[in-house]
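Coordinate analysis (summary)
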Amino acid sequence: MQAPPPATPTLTMDGQPDAAPRPGLVYPFEGPPARGHAMEVAPGVYWIRMPLPYALDHINLWALDDGEGWAVVDTGARTDDTVAAWRELFARAPDPRPMTRVFVTHMHPDHIGLAGWLTRKFGVRLWMTRLEYLSCRAMVSDCGREAPDDAIAFCRRAGWSGAAIEGYRARFGNFGKHIHALPDSFRRLRDGEELRIGAHSWRVIVGSGHSPEHACLYCPALKVLISGDQILPRISSNVSVHPTEPDADPMAEWLASLARIRREVPDDVLVLPAHNECFRGLHARIAALERGQHAALRRLRRTLAEPRRVVDVFGALFARPIGDGDSGLLGMATGEAQACLNHLMHLGETTRTLDGEGVAWYRMVAAEPAREG
Ligand SMILES: [Zn+2]
Ligand SMILES: [Zn+2]
């Protein structure tokens, strides 16, 4: 089926280093909670940080006062280190109330990895959207399979070398490595649903583009938005095309989701993202993400004055060099570049021609004026 998607967003497409200041954003806390500790960031809302074994080395989880106990949002990747960090937290927790339920924003291993472990340990249910749950089960079932022909053809069309394709074959089927056996049933979260969590009502706001049906949780009374990977303050989320749906236009979904969150969530919320730090300045961040994406599309249009393969446009899109040697990075860059190219295809601005080797060449439609940005 599908290439393992990157667990974490790591390619900054706005061309700014992760640490660059972001105008309009305020980080109200001095730093994240220490390992094994939880920090209250709003009444009954606690920040927990867990280690990750990736380049992006942490994820933020949230504990919500749920009346008779605690609900958690996201769970961390299934690694010995994260399980140990959870045990430290349980040992230190001054509150003896039990866990009541496990919410998961989306299917990526850093978010869902320990959902099966926590739900079984506490005898509670998993709450997530249907497409995220079912997609995750499908992806996990690829574990141990050989890379399918469709996926190899996807890499070949993008212009990968033989060596890079061998690297892909070797790596294929790793998606489930950091996911504990999933619960066999779940409680569906629906877009627009109002959930009672403890004393407050939280609204489910679904976004798409980073993953198929990503749930954000918004509490108007507390003025808090749990944004998952949909809105991150210092890095841009990975928006990729995967080999299972090579003609998808996730960029359109991503941009529509950003616009929708701006419409539905006021600017004065405290944003609790899955990576980096809690921040204020939601609308400024959305505007910056849109600007970065449109600037990338403009650079892409310029480079497509001449016919280019997917691997030829990395320099126009990404700040860092993408080599042939790291098939994980190459896969991520290919998925993101393909998302930008497919978006221009869907806008009718670009044509694609396959050569005799099965490699796709993209080029701007002659004399077509740019319609965006
Ligand atoms: Zn993530
Ligand atoms: Zn993610």
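This section reports on the structure supplied with the text. (Residues numbered from 1 in each chain as written. Chains lettered and ligands numbered in written order. Predicted model: local features only at pLDDT ≥ 70, side-chain atom pairs only at ≥ 80, totals over all residues. Heavy atoms only, no water.)

1. Re the coordination of the zinc ion (ligand 1)
Ligation of the zinc ion (ligand 1) by protein atoms is provided by Asp-110 (OD), His-111 (NE2), Asp-229 (OD), Asp-229 (OD) and His-275 (NE2), these donors lying 2.1 to 2.7 Å from the ion. Within one chain, the residues serving as donors to the zinc ion (ligand 1) are arranged as D-H-x117-D-x45-H. The metal-metal distance between the zinc ion (ligand 1) and the zinc ion (ligand 2) is 3.6 Å, with Asp-229 serving as a donor to both. Looking at His-111, the relative accessible area reads 0%, which means it is buried. (Donors = N, O, S within 2.8 Å, 3.2 Å for Na, K, Ca; no water. Buried < 20%, exposed > 50% of the residue type's maximum accessible area, 1.4 Å probe, protein only.)

2. Side note on the pattern of salt bridges
In the structure shown here, the tally under the stated rule is 16 salt bridges. Ionic pairing is found between Asp-191 and Arg-260, a salt bridge with its closest N-O pair at 3.1 Å. Taken as a pair, Asp-191 in the loop between strand E7 (187-188) and strand E8 (194-197) and Arg-260 in helix H7 (residues 250-264) lie far apart in primary sequence, 69 residues in all. Among the salt bridges present, the one from Arg-260 reaches Glu-264, with a minimum N-O distance of 3.0 Å. (Salt bridge = Lys/Arg side-chain N within 4 Å of Asp/Glu carboxyl O. Helix = DSSP H or I, 4+ residues; strand = E, 2+ residues; numbered from the N terminus.)

3. Details of the nonpolar core
Within the largest apolar cluster, 52 residues are counted, with the highest numbers of intra-cluster contacts made by Leu-225, Ile-261, Leu-282 and Leu-300. Mapped onto this core, the elements with two or more residues apiece are helix H5 (149-158), helix H6 (162-171), strand E10 (214-219), H7, helix H8 (282-303), helix H9 (314-317), helix H10 (327-346) and strand E15 (360-364). It is H10 that provides the largest number of residues to this core, a total of eight residues. Dropping the residues within four chain positions of it, Leu-282 is found in contact with Leu-225, Ile-231, Ile-261, Val-265, Pro-266, Asp-267, Val-269 and Val-271. In this structure, Leu-52, Met-99, Ile-112 and Cys-136 belong to the second largest nonpolar core, which totals 32 residues. (Core = buried A, V, L, I, M, F, W, Y, C linked by side-chain atoms within 4.5 Å. Contact = heavy atoms within 4.5 Å.)

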